[in-house]
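# Coordinate analysis (summary)
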Amino acid sequence: MPELPEVEVVRAGLEPAVTGAVITGVDVFDPRSLRRHDVASGTFVDVLEGQRIVAAVRRGKFLWFPLGSGAALVTHLGMSGQMLLRAPGAEDRLTRIRIGIESPEHGELLVNFVDQRIFGGMAVDTMLPTVDDFPGGFSGAIAGPALVPSQVAHIARDPLDPAFDDARFLSVLGRKATGIKRALLDQTLISGIGNIYADEALWAAKIHYDQVAATLSGRRAALLLAEVRAVLAKALAEGGTSFDAQYVNVNGASGYFAHSLNAYGRQGEACARCGTAIRREKFMNRSSHFCPRCQRRR
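Predicted, not measured: the structure shown is a model, and the values here were computed from it. (Residues numbered from 1 in each chain as written. Predicted model: local features only at pLDDT ≥ 70, side-chain atom pairs only at ≥ 80, totals over all residues. Heavy atoms only, no water.)

### Section: the packing of aromatic side chains
This is how the line gets drawn: When two rings of Phe, Tyr or Trp (its six-membered ring) have centres within 6.5 Å they constitute a pair, described as stacked for plane angles under 30 degrees, edge-to-face for angles over 60, and tilted for the intermediate range. Summary of the burial criterion: residues with accessible area below 20% of their type's maximum are buried, those above 50% are exposed, and those between are partly exposed, where the area comes from a 1.4 Å probe applied to protein chains only. Working definition: helices are DSSP H or I runs of at least four residues, strands are E runs of at least two. Numbering for both runs from the N terminus. Whether a charge sits over a ring depends on NZ of Lys or CZ of Arg being within 6 Å of the ring centre and within 35 degrees of the ring normal.
Counted under the stated rule, the structure contains three aromatic pairs. With 5.7 Å between their ring centres and 50° between their planes, phenylalanine 164 and phenylalanine 169 make a pair best called tilted. The residues phenylalanine 164 and phenylalanine 169 share a single accessibility class, namely buried. Measuring from centroid to centroid gives 5.6 Å for tyrosine 209 and phenylalanine 283, while their planes differ by 80°, and the two rings are edge-to-face. Of this pair, tyrosine 209 sits in the loop between helix H5 (195-205) and helix H6 (218-237) while phenylalanine 283 sits in strand E11 (residues 279-283); the two residues are 74 residues apart in sequence, bridging distant segments of the chain. The pair formed by tyrosine 209 and phenylalanine 283 is uniform in burial state, with each residue classed as buried. One aromatic cluster in this structure is built from Tyr209, Phe283 and Phe290. Across the ring face of tryptophan 203, the terminal group of arginine 273 is positioned such that the distance to the ring centre comes to 3.9 Å.

### Points about the side chain of glutamine 151
Where we set the bar: Working rule for contacts: check all heavy atoms of both residues, and any pair within 4.5 Å makes them a contact.
Examined against the element boundaries, glutamine 151 turns out to sit in the loop between strand E10 (147-149) and helix H3 (166-173). Look at glutamine 151 and you get buried, because its relative accessible area is 19%. Those residues within four positions of glutamine 151 in sequence are excluded, and the remaining contacts are Arg36, Phe62, Val74, Ala123 and Asp125.

### Observations regarding the nonpolar core
Short version of the rule: The term nonpolar core refers to a set of buried residues drawn from Ala, Val, Leu, Ile, Met, Phe, Trp, Tyr and Cys, joined through side-chain atoms within 4.5 Å.
If you look at the biggest cluster of nonpolar residues, it comprises 32 residues, and the most contacted ones within it are Phe169, Leu173, Ile180, Leu184 and Leu224. Those elements giving two or more residues to this core turn out to be H3, helix H4 (180-184), H5 and H6. Looking at which element gives the most residues to this core, the answer is H6, with seven residues. When near neighbours in sequence (up to four residues on either side) are disregarded, isoleucine 180 contacts Leu173, Leu202, Ile207, His208, Tyr209, Gln211, Ala213, Leu216 and Leu224. Of all hydrophobic cores here, the second largest spans 30 residues; its members include Leu14, Ile23, Phe65 and Met83.

### What to know about the sheet that holds strand E2 (residues 57-59)
For clarity, the cut-off: Any two strands between which DSSP finds at least two bridges are classified as paired. Only C-alpha atoms enter the line fits that serve as axes; for helices the fit covers just the stretch in contact. Angles between N-to-C directions range over 0 to 180 degrees.
Reading across the sheet, the four strands line up as E2-E3-E4-E8 and stay open at both edges, with antiparallel pairing between neighbours. Two strands in the sheet have a free side with no partner beyond their single neighbour: E2 and strand E8 (121-125). Along the sheet, successive strands turn relative to each other by an average axial angle of 25°, direction set aside. Of the pairings in the sheet, the one linking strand E4 (residues 72-76) to E8 comprises five bridges and is antiparallel in character. Paired with valine 74 across the strands is alanine 123, a residue of E8.

Taken by themselves, the reported measurements are silent on function.
Shown next, in the form of C-alpha cells:
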C-alpha cells in the first residue's frame, strides 16, 4: 500500500496544476470508487462540476482538495490507486473516475483516478475544525485553514507535518503495552507509516519490531521518531518506493527508494551494519524484516 512518501509525491505533483483550477467535467466509470461519498449532499458529479480547487492537502495517506464551496474532494489511494495528470483526450486503462479541469497556469487537463483493485476511492466530504487549531494537513503552497474532512478527522498527524506534537506522541507511546511496530502502524497515533517504512526505521534505530513500546527509554523512543522522519524524508527525496507499475507519480514515473532499503524485502541478505542475515517473520497478516543481531528484543 502506498505510504506517506508515495502520497506526498502525488500531492506535490498535482498541486501546481490543480490549485486555482475549475472543475469542468466529471465522469464516473465505476461507482465502486465512490464508496465513501455521501449521496445526501448531492451526486458526486453535481457537487464537483463548476467548483474551484483551492489547494492540495495531505494528512498521512489521505489527500484532499478543498473546494470553493467549503467542502473537499477526499481521495485515498488504497492499495493500487493512482492519480495521473493527462492532456485532454488521453486514456488510461482502469480509469475509474476522470476529472476535467481548467488550470490558470496549464490550461485544460485531466486528472485520471486509476485503481486496479478498487480499494481506494474518492468522495466529497464536509469539513470540521481541527482539535489543535492548526491547519488540517500539509500543503506546500499555502498554510491552509484549521479544517479537516470529517472522514480524516480521526487520523493522527504525520511526523512530517509541522503541527505534529512530538511530546504528545512520545508520552502516549510510553504508555503503550503493544509491540512498537504495531504502535507505529496505528494511524490514530501517528499517520503515514506503513509496513515498509516501519521496518526501515526500526532497523535504523536498532529496535526489535515486537519490543513493547512502553519499555523503550525516552532516549530510544526519541531516536526512533528521528529515524522515522529520516527514512520518510529520504524516501520522499527519491520519489517513494516502487516494486511494480502500480506505484507511480502523477506522470507515471516510479520511485527509486526500493534500491535503498536496508531491511524490508532483504530476507536472507547480509545486514548492511553487521553482516547477519536479515530475517522475515509473520506479523499482522503481513511480514516484518529485521536483523536478529542488531535488533534484539530487550
